[in-house]
Amino acid sequence: QVQLVDSGGGLVQAGGSLRLSCAASGSISEITAMGWYRQPPGKQRELVAAITGNGRTNYTDSVRGRFTISGDHAKNTVYLQMNNLKPEDTAVYYCHAARFDGRRWYDVAWGQGTQVTVSS
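**Looking at the sheet that holds strand 1 (residues 2-7)**
Here is step 1: Pairing is antiparallel across the open sheet formed by 4 strands, whose spatial order is 1-3-8-7. The sheet terminates laterally at strand 1 and strand 7 (67-72), the two strands that pair on one side only. Across the sheet, the mean angle from the axis of one strand to that of its neighbour is 15°, orientation sign disregarded.
Here is step 2: Pairing of strand 1 with strand 3 (residues 18-26) involves 6 bridges; the strand directions are antiparallel. When the sheet's bridge partners are listed, Leu4 is paired in strand 3 with Ala24.

What follows is the structure, encoded as structure tokens:
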């Protein structure tokens, strides 16, 4: 099994920055990619950014150019650097780990979530 612990959320003014961290433990070899999802109040959870083991990244359009996902293999940790935050970025952010078996993606684990609140 894989366990994810995410942290780093908080309250910040518009235009500010935050860095989220996600530490993975357990059966790390199961993981093909890791990412961050967010769920704004009253809305569905959406993928924000993802990174594969070889460093390939993907971003949703609304955060591209403002957010950067990165990984530290030695620490089994993934980061999400969020700059120029906007009120619409307010959400609970969840770390996610996935596995690809050559045909489809599988959920491996979710973090507990960390609240990000951006004031205008």
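Still more to cover.
**Here we look at the state of the cysteines**
Here is step 1: In this structure the tally under the stated criterion is 1 disulfide.
Here is step 2: The disulfide bridge from Cys22 ends at Cys95, spanning 2.0 Å between sulfur atoms. Since a negative S-S torsion denotes a left-handed disulfide, the Cys22-Cys95 link at about -80° is left-handed. In this pair, Cys22 is assigned in strand 3 and Cys95 in strand 9 (residues 91-100), connecting sequence segments 73 residues apart.

Conventions we followed
- Residues numbered from 1 in each chain as written.
- Predicted model: local features only at pLDDT ≥ 70, side-chain atom pairs only at ≥ 80, totals over all residues.
- Heavy atoms only, no water.
- Pairing = 2+ DSSP bridges.
- Helix = DSSP H or I, 4+ residues; strand = E, 2+ residues; numbered from the N terminus.
- Axes fitted to C-alpha atoms, helices over the stretch in contact; angles between N-to-C directions.
- Disulfide = S-S within 2.5 Å.

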